[in-house]
Amino acid sequence: MGKHEVGTPKYIANKIKAKGLQKLRWYCQMCQKQCRDENGFKCHTMSESHQRQLLLFADNQNTYLNQFSKEFCDGYLELLRRQFGTKRVHANRVYQEYISDRHHLHMNATQWETLTDFVKWLGREGKCVVDETEKGWFVTYIDRDPETIRLQEALAKKEKMDRDDHERMMKMLEKQIERGKNLDSKAPEHTPTDLVRNENEKITLALNTFKKPEPIKIDLKGSALSKLAVESNSKKMKKEEKRKLSALDQIILEEEEKKKKVRKKENWITEDIVVKIVTDSLGDRYFNKKGVIIEVIDKYAALVKMLDSNHKLKLDQSHLETVIPKPGRKVKILNGAYNGLIAELVNISPEDFSVSVKISYGPLRGKVVNKLPYEDVSKLMTD
């Protein structure tokens, strides 16, 4: 019987049936032909073209079997990498996504009889991390891309260097504090003594009058000698001020000088701070809404959890801005000399778009920092 004419009801019905997925047992992988029923599949197996394909398969069946197995494995892993990344996911879920393509390679043409055998093979070959639970088999893709491995090693090296620098600085602070305590402990202690005098001894008091020294008048327009005198006096005053400072004060001053030399970073996003979405590309549902950063993916991207809907969005730093809370709330300093410190918001200055904060923890606890720009502080979620 010939084919039905284009546009007839029977032709349209056959096209609709051909669009969807058909039964796996009526599919011929060698001919890549899908039959709709048992009768059609029987007629296909008796055809001359199918018999020629079977002869080719019989001559070199291992080559065809390995080729089909490799194609199925590559397609499954590519879908797992592209759609799920390195997340742990149910193996059958990935398989259902894979067979949703009508022209996919069927598993009955591979060396594996069931999906369980295929998943176990992935675990043995080290292509995925597999584990079995009550709900079935789960797979986790292992990303072996050289570029990805290089980036992960660079990030780990940078984190180790930052951690080593922080530990080195803390050890230096502890040594300086211990040295200051030792200097204070070596100072002589004055102990009170009893007043002992004879009965016939007379007590006399000698009070010397103190005359206030006259201020030194220096003629600024005078000779070079007067200028040298001014410089020497100023140096003496600075030395006296330095002597008055204790060891702990000197340590704090040294740390302040170091912090003043710190340059601002281009990236300011960090975890556990509240931010506001300022882009309208996501629609009015998320525009001007607030969320908390729960994970920093790289320097300029973060995973934000919305406060009102608990939805999670991956956003760029340029699509976010900081949130300034009411005075008295906890904030986190995001940039500059005091980067990473937790502080309490003291005052807001709308005239110059800056705030004043008081540091809450660490060696600088209680220090008030003024004139911090809005973009350098943000509300802390743990508050």
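Residues numbered from 1 in each chain as written. Predicted model: local features only at pLDDT ≥ 70, side-chain atom pairs only at ≥ 80, totals over all residues. Heavy atoms only, no water.

**Student:** Could you give an account of unusual backbone geometry, naming the residues involved and the relevant values?
**Tutor:** At D272, a position not held by glycine, the phi torsion is positive, near 70 degrees. For D272, a relative accessible area of 40% translates into the label partly exposed. (Buried < 20%, exposed > 50% of the residue type's maximum accessible area, 1.4 Å probe, protein only.)

**Student:** Describe the pattern of salt bridges, and please don't skip the residues or the numbers.
**Tutor:** Under the counting rule described, the total for this entry stands at 7 salt bridges. One salt bridge in this structure joins R88 and D131, with 2.7 Å as the shortest N-O distance. Taken as a pair, R88 in strand β3 (residues 88-90) and D131 in strand β4 (residues 128-133) lie far apart in primary sequence, 43 residues in all. The exposure class assigned to R88 is partly exposed, which follows from its relative accessible area of 46%. Note that K158 and D162 form a salt bridge whose closest N and O atoms lie 3.1 Å from each other. Here the residue K158 and the residue D162 both occupy positions in helix α7 (residues 146-186), the gap between them amounting to 4 residues, near one helical turn. For K158, a relative accessible area of 42% corresponds to the partly exposed category. Residue class for D162 comes out partly exposed when judged on its relative accessible area of 41%. (Salt bridge = Lys/Arg side-chain N within 4 Å of Asp/Glu carboxyl O. Helix = DSSP H or I, 4+ residues; strand = E, 2+ residues; numbered from the N terminus.)

**Student:** Explain the packing of aromatic side chains to me, using residue names and the numbers behind them.
**Tutor:** Scanning the entire structure with this criterion turns up 10 aromatic pairs. Ring centres 5.2 Å apart and planes at 90 degrees place the aromatic pair F72 and Y98 in the edge-to-face group. Of this pair, F72 sits in helix α4 (residues 61-84) while Y98 sits in helix α5 (residues 91-99), and the two are 26 residues apart along the sequence. We note that F72, like Y98, is buried. With centroids separated by 6.2 Å and ring planes inclined at 45 degrees, the aromatic side chains of F72 and W112 adopt a geometry described as tilted. Taken together, the residues F72 in helix α4 and W112 in the loop between α5 and α6 (115-125) connect sequence positions 40 residues apart. Each member of the pair, F72 as well as W112, carries the same accessibility label: buried. Over the face of the ring belonging to F138 we find R88, whose NZ or CZ atom lies 4.1 Å from the ring centre. (Phe/Tyr/Trp six-rings, centres within 6.5 Å; stacked < 30°, edge-to-face > 60°. Lys NZ or Arg CZ within 6 Å of the ring centre and 35° of its normal.)

**Student:** Account for the side chain of T110, with residues named and values stated.
**Tutor:** Summarising the element assignment, T110 is placed in the loop between α5 and α6. Every residue in contact with T110, bar those within four places of it in the chain, is listed here: L65, F68, S69, F72 and L105. (Contact = heavy atoms within 4.5 Å.)

**Student:** I'd like a rundown of the nonpolar core, residues and numbers included.
**Tutor:** Residues F72, Y76, L80, F118 and L122 are the most contacted members of the largest nonpolar core, which totals 29 residues. Those elements giving two or more residues to this core turn out to be α4, α5, α6 and β5 (136-141). For this core, the leading source of residues is α4, giving 8 residues. Sequence-distant contacts of L80, defined by excluding residues within four places in its chain, comprise G85, V89, V94, C128, V139 and Y141. (Core = buried A, V, L, I, M, F, W, Y, C linked by side-chain atoms within 4.5 Å.)

**Student:** Describe the pairing of strand β13 (residues 354-359), and please don't skip the residues or the numbers.
**Tutor:** With 5 of 6 residues buried, β13 is to be regarded as a mostly interior element. In this structure, strand β12 (residues 342-349) lies alongside β13, joined through 6 bridges in antiparallel fashion. Bridging across to β13, S349 finds its partner in S354. Once β12 ends, the chain turns through 4 residues before running back antiparallel as β13, passing F353 with a positive phi of about 55 degrees. Pairing of β13 with strand β14 (residues 368-373), which is carried by 4 bridges, proceeds in the antiparallel orientation. Bridging from a neighbouring strand, V355 pairs with L372 of β14. (Pairing = 2+ DSSP bridges.)

**Student:** Help me get a handle on the sheet that holds β3, residues and values and all.
**Tutor:** Across the sheet, 3 strands lie side by side as β3-β5-β4; this open sheet has antiparallel pairing. Sheet topology places β3 and β4 at the edges, where each strand pairs with a single neighbour. Neighbour to neighbour, the strand axes of the sheet diverge by 30 degrees on average, direction disregarded. Two strands pair when backbone bridges link them, and β4 and β5 are joined in this way by 6 bridges, in the antiparallel orientation. In the sheet register, C128 faces β5, and the bridge partner there is Y141. Its contacts with the sheet put α5 on β3 and β5, and the angle it makes with β3 is roughly 70 degrees. (Axes fitted to C-alpha atoms, helices over the stretch in contact; angles between N-to-C directions.)

**Student:** Help me get a handle on α6, residues and values and all.
**Tutor:** What α6 keeps buried is the set L115, F118, V119, W121 and L122. For α6, the angular spread of the buried residues around the axis is 160 degrees, confining them to a single face. In the segment just after α6, G126 is the residue with positive phi, at about 75 degrees. (Arc of directions from axis to C-beta.)

**Student:** Hey, could you go over the packing of α4 against α5 for me, with residue numbers and the actual values?
**Tutor:** One can describe the packing of α4 onto α5 by two numbers: an axis separation of 10 Å at closest approach and a directional angle of 105 degrees. Comparing their axes, α5 and α4 come out roughly perpendicular. Contacts between α4 and α5 involve E71, F72, G75, Y76, L79, L80, Q83 and F84 from the first element and A91, R93, V94, Y95, E97 and Y98 from the second. Considered class by class, the residues forming the contact of α4 with α5 number 9 nonpolar, 2 polar and 3 charged. (Parallel < 35°, antiparallel > 145°, perpendicular 65-115°, else oblique. Nonpolar A, V, L, I, M, F, W, Y, C, P; charged D, E, K, R; others polar.)

**Student:** Tell me about the sheet that holds strand β6 (residues 274-277), and name the residues and values.
**Tutor:** If you trace the 5 strands from one edge of the open sheet to the other, you get β9-β8-β7-β6-β10, paired in antiparallel fashion. Looking at which strands have only one partner, the edges of the open sheet turn out to be β9 (312-316) and β10 (320-322). On average, adjacent strands in this sheet sit at an angle of 50 degrees to one another, irrespective of strand direction. Of the pairings in the sheet, the one linking strand β8 (residues 301-306) to β9 comprises 5 bridges and is antiparallel in character. Paired with A301 across the bridge in β9 is D316.

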